[in-house]
Amino acid sequence: MAESIDWDPVRELARRVEAGEALSLTAEVRALLLRSAREVGIPEEDAHAAVAGVATATALLHETRRRIRDGSQRLMRALTGARRLRDAGDAAGARALLEDVLAVEQVPLYREQAELALEDLE
């Protein structure tokens, strides 16, 4: 991915909303949600529709945060498992773990990392 990704602001916003703070749809928050949605593989038209209202923007925020968290955990488990299998001589098993991630992962950054790890096995 060519651009730098910083998900700390969306994580912080999600934390505050989950703690009970109301989401305020400022221009800055809309821009953050649209940028983050694109970075986690949410279609642009869906994201634009979501930022039209507080309820849908809040749902978009939660989905964005979920994709960041779940994708990261899934990728780290797969990378760790693939490394362990590769080191034990089971390249096919390592490859299968990474292919399983690619079969379900929606976040382009995590997909790219899994693809690079898969290439490293060859």
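Residue indices begin from 1 for each chain and proceed along its sequence in written order. Note on the predicted model: pLDDT of at least 70 is required for a residue's local features to be given, and 80 or more for side-chain atom pairs to be given and counted; whole-chain, interface and lining totals, by contrast, use all residues. Only heavy atoms go into the side-chain values, all of them from the structure, while hydrogens and water stay out.

As a further point, take the overall build of the protein chain. In this text, helices come from DSSP runs of H or I with a minimum length of four residues, and strands from runs of E with a minimum of two, each type numbered from the N-terminal end. For the protein chain, the helix and strand inventory stands at 6 helices and 0 strands. In sequence order, the secondary structure elements of the protein chain are arranged as α-α-α-α-α-α. Only protein chains enter the accessibility calculation, which uses a 1.4 Å probe; a residue is then buried when its area is under 20% of its type maximum, exposed when over 50%, and partly exposed in between. Expressed as a percentage of the 122 residues in the protein chain, the buried residues total 36%. The contacts in the protein chain between residues at least 6 apart in sequence include a share of 59% that link residues at least 24 apart. Every accessible area reported is derived by Shrake-Rupley at a probe size of 1.4 Å, with residue values counting cover from the shown protein chains alone. For the protein chain, the exposed surface amounts to about 6900 Å²; the carbon and sulfur share of it is 51%. Counting rule for charge: Lys and Arg are taken as positive, Asp and Glu as negative, and neither His nor the chain ends is counted. In plain terms, the charge of a residue is placed at NZ if it is Lys, CZ if Arg, CG if Asp and CD if Glu. Of the charged side chains in the protein chain, 17 are positive and 23 negative, and the gap between their average positions amounts to 5 Å. Contacts were defined at the residue level, with two residues in contact if any of their heavy atoms lie within 4.5 Å.

Our focus in this paragraph is the pattern of salt bridges. Basic side-chain nitrogens of Lys or Arg form a salt bridge, by our definition, when they fall within 4 Å of a carboxyl oxygen of Asp or Glu. Applying the stated criterion across every chain yields a total of 11 salt bridges. Between glutamate 21 and arginine 16 there is a salt bridge, and its shortest N-O distance comes to 3.2 Å. Exposure remark for glutamate 21: the relative accessible area of 38% places this residue in the partly exposed category. Here arginine 66 makes a salt bridge to glutamate 63, at a shortest N to O gap of 2.7 Å. Separated by 3 residues within a single helix, arginine 66 and glutamate 63 lie in helix H4 (residues 54–87), roughly one turn from each other. Assessed through its relative accessible area of 30%, arginine 66 is described here as partly exposed.

For any pair of aromatic rings, geometry is given as the distance between the ring centres together with the angle between the planes. Between 30 and 60 degrees the pair is tilted, below 30 it is stacked and above 60 it is edge-to-face, where a pair is any two Phe, Tyr or Trp rings, Trp via its six-membered ring, whose centres lie within 6.5 Å. All chains considered together, the criterion is met by 1 aromatic pair. The interplanar angle of 75 degrees and the centroid separation of 5.7 Å between the aromatic rings of tryptophan 7 and tyrosine 110 together place this pair among those described as edge-to-face. Here tryptophan 7, found in the segment before helix H1 (8–18), pairs with tyrosine 110, found in helix H6 (residues 108–121); they are 103 residues apart in sequence, far enough to count as distant. Overall, the relative accessible area of 5% leaves tyrosine 110 in the buried class.

With respect to the helices, strands and loops of the structure, glutamate 45 is situated in helix H3 (residues 44–50). Judged by its relative accessible area of 56%, glutamate 45 is exposed. In the structure, glutamate 45 is positioned 11 residues away from leucine 34 in sequence and 9.8 Å away in space, judged by C-alpha atoms.

A few words on the nonpolar core. As a rule of thumb, soluble globular proteins bury nonpolar side chains together. Here, the term nonpolar core denotes a set of buried Ala, Val, Leu, Ile, Met, Phe, Trp, Tyr and Cys residues that are joined through side-chain atoms within 4.5 Å. By size, the foremost hydrophobic cluster in this structure holds 34 residues, and its most contacted members are Trp7, Leu13, Leu23, Leu33, Leu60, Leu61 and Leu98. Those elements giving two or more residues to this core turn out to be H1, helix H2 (27–39), H3, H4, helix H5 (91–104) and H6. Counting residues per element, this core draws most heavily on H4, at 8 residues. Contact partners of tryptophan 7, with chain neighbours within four places excluded, come to Ser36, Glu39, Val40, Ile68, Val107, Leu109 and Tyr110.

Okay, the environment of aspartate 120 next. Considering the arrangement of structural elements, one finds aspartate 120 in helix H6. What makes aspartate 120 exposed here is its relative accessible area of 65%. Taking the C-alpha atoms as reference, aspartate 120 lies 15 Å from tyrosine 110; in sequence the two are 10 residues apart.

In this section: the packing of H4 against H6. Between the N-to-C directions of two axes lies an angle of 0 to 180 degrees, each axis being a line fitted to C-alpha atoms and, for a helix, fitted only over the stretch in contact. Contact geometry for H4 and H6: axes closest at 10 Å, N-to-C directions at 10 degrees. By the angle class used here, H4 and H6 are roughly parallel. Contacts between H4 and H6 pair Arg67, Ile68, Gly71, Ser72, Leu75, Leu79 and Arg86 from the former with Tyr110, Gln113, Ala114, Ala117 and Leu121 from the latter. Across the contact of H4 with H6, the residue classes break down as 7 nonpolar, 3 polar and 2 charged. Any angle from 65 to 115 degrees is called roughly perpendicular, while one under 35 is roughly parallel, one over 145 is roughly antiparallel, and all others are oblique. Here the term charged refers only to Asp, Glu, Lys and Arg, the term nonpolar to Ala, Val, Leu, Ile, Met, Phe, Trp, Tyr, Cys and Pro, and the term polar to all other amino acids, Gly among them.

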